[in-house]
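# Architecture at a glance
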2 protein chains.
Amino acid sequence: MLKISELSKKTGLTAHTLRYYEKHGLINASNRSEAGYRFYTDSDVRRVQFVKTARNTGFSLEDIGQLLSIRVDKLSHSCQEVTDITRKKLDEVSAKLTELQSMQQTLQLLLESCCGGPENATHCSIMEALDAGLLLDREAASRTEQQGETK
Amino acid sequence: MLKISELSKKTGLTAHTLRYYEKHGLINASNRSEAGYRFYTDSDVRRVQFVKTARNTGFSLEDIGQLLSIRVDKLSHSCQEVTDITRKKLDEVSAKLTELQSMQQTLQLLLESCCGGPENATHCSIMEALDAGLLLDREAASRTEQQGETK
DNA sequence: TATAAGCTTAGAGTTAACTCTAAGGTCAAC
DNA sequence: GTTGACCTTAGAGTTAACTCTAAGCTTATA
Ligand SMILES: [Zn+2]
Ligand SMILES: [Zn+2]
Ligand SMILES: [Zn+2]
Ligand SMILES: [Zn+2]
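Notes on the structure in this doc start here. (Residues numbered from 1 in each chain as written. Chains lettered and ligands numbered in written order. Predicted model: local features only at pLDDT ≥ 70, side-chain atom pairs only at ≥ 80, totals over all residues. Heavy atoms only, no water.)

This part covers the protein's contact with DNA strand D. Close to DNA strand D lie 18 residues; A:Tyr20, A:Tyr21, A:Arg55, B:Ser5 and B:Arg38 are nearest. When the atoms of DNA strand D within 4 Å of the protein are grouped by moiety, sugar and phosphate amount to 69% of the total. At 2.7 Å, a side-chain N or O of B:Ser5 approaches a phosphate oxygen of DNA strand D. Mapped onto the surface near DNA strand D, the elements with two or more residues apiece are α2 (15–23) of chain A together with α1 (4–11) and α2 (15–23) of chain B. (Near = heavy atom within 4 Å. Polar contact = N/O pair within 3.5 Å; in protein donor to acceptor, adjacent residues only side chain to side chain. Helix = DSSP H or I, 4+ residues; strand = E, 2+ residues; numbered from the N terminus.)

Now the structure itself:
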């Protein structure tokens, strides 16, 4: 039987977060002391670790709530339900990934185009690209910046 | 001179968002009608488009505030200031990307390991992997699932 | 027994970027 | 001259997942 601070140490989640998860129905302390202190069983600990693992995998607390419902009554739930949740999350992650990759590429091109030096920004190709709606390709940006540098 | 709804159409930002940006010091309407209606000049429009482009590139509104300060007085700012902002954002994006890629891989492995079928989830390898803290590799997960399938 | 550390609760605050509402003034058209 | 579309403001609500605070018990240690 662990007290909340002990569970906190064991899981790396703060006591605040554990109480937050409890308030939101994800976890529970099986027992309480007479004074009301939470006491966690091994089973409670495993549930918390499940939540933490799912969290690290990217699932939202709402997703995790569903996964936990399945976990406690696997006979009443199918693999398909589990994959539905997983695939939905994968799709979200993939979409976000695509968006971020596009941003990364744009930012890299911007950085490559700019001299990054201490002179004033009147010739800055990053500013120009943002002004132009990022229509410049790498070469055009580079050309523009060089004009500034060499003038 | 455009009214706010016209600027909205032109930029794809809602009138609400445009007022929000104004409240936060990013943009402004150069003129107002006697009744207080906002009127935007071409210069205002270009500034809004700059904001939108920077936003699409991933910059926060705070970043954009700094970029705008540079934009209106390029002589007092250096390319280095611009690249500092850009590199910081690139680093953030790259970090997030790494995190999401790890999630994506985990989710893909989970999906590959699970049959996704209509039978009950007592044998589900996704649930097992989450229970085990995702220590299972692809083969182990697959083996586990197959045991369930073939019994 | 007194001090400190740890526990309890309800509830407020944080973050970013919107998003929306209410209450009312303005303007063009019919 | 009255709809109806559009504009104004201040300010509240949204989202997710915490994060923290206050006020007050409890427990362990010296
Ligand atoms: Zn330069
Ligand atoms: Zn530059
Ligand atoms: Zn299965
Ligand atoms: Zn399965």
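Moving on to the protein's contact with DNA strand C. Neighbouring DNA strand C are 18 residues; A:Ser5, A:Tyr37, A:Arg38, B:Tyr20 and B:Tyr21 lie closest to it. Backbone atoms, meaning sugar and phosphate, form 65% of the atoms of DNA strand C found within 4 Å of the protein. For DNA strand C, a phosphate oxygen lies 2.6 Å from a polar atom in the side chain of A:Ser5. Within the side chain of B:Tyr21, one N or O atom sits 2.6 Å away from a phosphate oxygen of DNA strand C. Mapped onto the surface near DNA strand C, the elements with two or more residues apiece are α1 (4–11) and α2 of chain A together with α2 of chain B. Grouping the amino acids of the surface near DNA strand C by side-chain chemistry returns seven nonpolar, five polar and six charged. (Nonpolar A, V, L, I, M, F, W, Y, C, P; charged D, E, K, R; others polar.)

So, about the coordination of the zinc ion (ligand 4). The protein atoms donating to the zinc ion (ligand 4) are A:Cys79 (SG), B:Cys114 (SG) and B:Cys124 (SG), with metal-donor distances spanning 2.2 to 2.4 Å. Between the two metal centres, the zinc ion (ligand 4) and the zinc ion (ligand 3), the spacing is 3.6 Å, with A:Cys79 acting as a shared donor. Remark: B:Cys124 occurs in the loop between α5 (79–113) and α6 (125–131) and A:Cys79 occurs in helix α5 (residues 79–113); the pair is interchain, linking two chains. Comparing A:Cys79 with B:Cys124 shows no difference in burial state: the two are buried. (Donors = N, O, S within 2.8 Å, 3.2 Å for Na, K, Ca; no water. Buried < 20%, exposed > 50% of the residue type's maximum accessible area, 1.4 Å probe, protein only.)

Here we come to the packing of α1(A) against helix α3 (residues 42–56) of chain A. Helix-helix packing: each pair is described by the crossing angle between the helix axes and the interaxial distance. All names here are of chain A. Close contact between α1 and α3 brings their axes to 11 Å; oriented N to C, the two are set at 45°. Our classification of the angle between α1 and α3 gives oblique. For the element pair α1 and α3, the recorded crossing hand is right-handed. For the pair formed by α1 and α3, the contact residues are Leu7, Lys10 and Thr11 on the first element and Val45, Val48, Gln49 and Lys52 on the second. Taken together, the residues that form the contact of α1 with α3 break down as three nonpolar, two polar and two charged. (Axes fitted to C-alpha atoms, helices over the stretch in contact; angles between N-to-C directions. Parallel < 35°, antiparallel > 145°, perpendicular 65-115°, else oblique. Left-handed = near helix turned anticlockwise from the far one by under 90°. Contact = heavy atoms within 4.5 Å.)

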